[in-house]
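What follows is the residue order along each chain.
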Amino acid sequence: TDNQIYLYTAAGTYLSTVAQPAVADGWGWRDPGYDGGHFLYGGRVTNVWYVNEATFAVDYTFTVPAGPALNRGVTVVNKVGNVIEGKSSTFGTPIYSWTWTIGNATATVSTSCSIAGTTAVYGLAWDSGRNSLWATTAPGTAPLGLLFEVDATCAPRPGSPLDH
């Protein structure tokens, strides 16, 4: 059925399904961030869903106003207490940096940046060991299917991009 997440064990044994919210239609929840106990899923709207890792219940939903029209890729940069610093991408550019206090209805956008020469940034992952953001570009747009490692200002690191 549509709008379901299928849960499996690491060995591939089916466990159950979890319904996604109706507003996560089309391609549903995508490219989540993770804060150590919750997934942060984006969708085709400005919402980000804060989903409990153990139960897959939506504990909170918040928006990233004055930022992306939709949150395609979401990553967690830092979490201190109940404050999360994150980043979101859309199907294009730029990448937005935001701060959210768990339980609030909105996040605060602080900055945005774009990776030079890209038109469609999709998935994001924060690498705290290298203090870098990893971003993928979508096939079908130029440049095609590349993996970028950039700093906090979106400047490419040496050796970036990688063709994956």
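This section reports on the structure supplied with the text. All figures in this text were calculated on a predicted structure; none of them were measured in a lab. (Residues numbered from 1 in each chain as written. Predicted model: local features only at pLDDT ≥ 70, side-chain atom pairs only at ≥ 80, totals over all residues. Heavy atoms only, no water.)

Let's shift gears to the state of the cysteines. Tallied over the entire structure, the rule returns 1 disulfide. Through a disulfide, C113 is tied to C154; the S-S separation comes to 2.0 Å. Measuring handedness by torsion sign, the sulfur bridge of C113 and C154 sits at about 50° and is right-handed. Of the two residues, C113 sits in strand β10 (residues 108-113) while C154 sits in the loop between β13 (146-150) and β14 (162-163), which places them 41 residues apart along the sequence. Each member of the pair, C113 as well as C154, carries the same accessibility label: buried. (Disulfide = S-S within 2.5 Å. Helix = DSSP H or I, 4+ residues; strand = E, 2+ residues; numbered from the N terminus. Buried < 20%, exposed > 50% of the residue type's maximum accessible area, 1.4 Å probe, protein only.)

The subject of this paragraph is the pattern of salt bridges. Scanning the model with the defined rule gives 2 salt bridges in all. Of the charged contacts, one joins K79 and D35 as a salt bridge, the two residues approaching to 3.2 Å between their closest N and O atoms. Here the residue K79 occupies a position in strand β7 (residues 73-80), and D35 occupies one in the loop between β3 (30-34) and β4 (38-42), the gap between them amounting to 44 residues. For K79, a relative accessible area of 34% gives the class partly exposed. A relative accessible area of 14% places D35 in the buried class. Here R130 and E149 are joined by a salt bridge, their closest N and O atoms 2.6 Å apart. Of the two residues, R130 is situated in the loop between β11 (121-127) and β12 (132-137) and E149 in strand β13; the sequence distance between them amounts to 19 residues. Looking at R130, the relative accessible area reads 49%, which means it is partly exposed. What makes E149 buried here is its relative accessible area of 5%. (Salt bridge = Lys/Arg side-chain N within 4 Å of Asp/Glu carboxyl O.)

Centre-to-centre distance and the angle between the planes together describe a pair of aromatic rings. Counted according to the given criterion, the structure contains 11 aromatic pairs. Centroid distance F62 to W98: 5.4 Å. Interplanar angle 65°. Geometry classified as edge-to-face. You can see F62 sitting in strand β6 (residues 58-63) and its partner W98 sitting in strand β9 (residues 95-101), a full 36 residues away along the chain. Accessibility expressed as a relative area gives 0% for F62, which makes it buried. (Phe/Tyr/Trp six-rings, centres within 6.5 Å; stacked < 30°, edge-to-face > 60°.)

Take N52: it is sitting in strand β5 (residues 47-52). Accessibility expressed as a relative area gives 18% for N52, which makes it buried. Polar side-chain contacts of N52 include one of 3.1 Å to the backbone nitrogen of T55. (Polar contact = N/O pair within 3.5 Å; in protein donor to acceptor, adjacent residues only side chain to side chain.)

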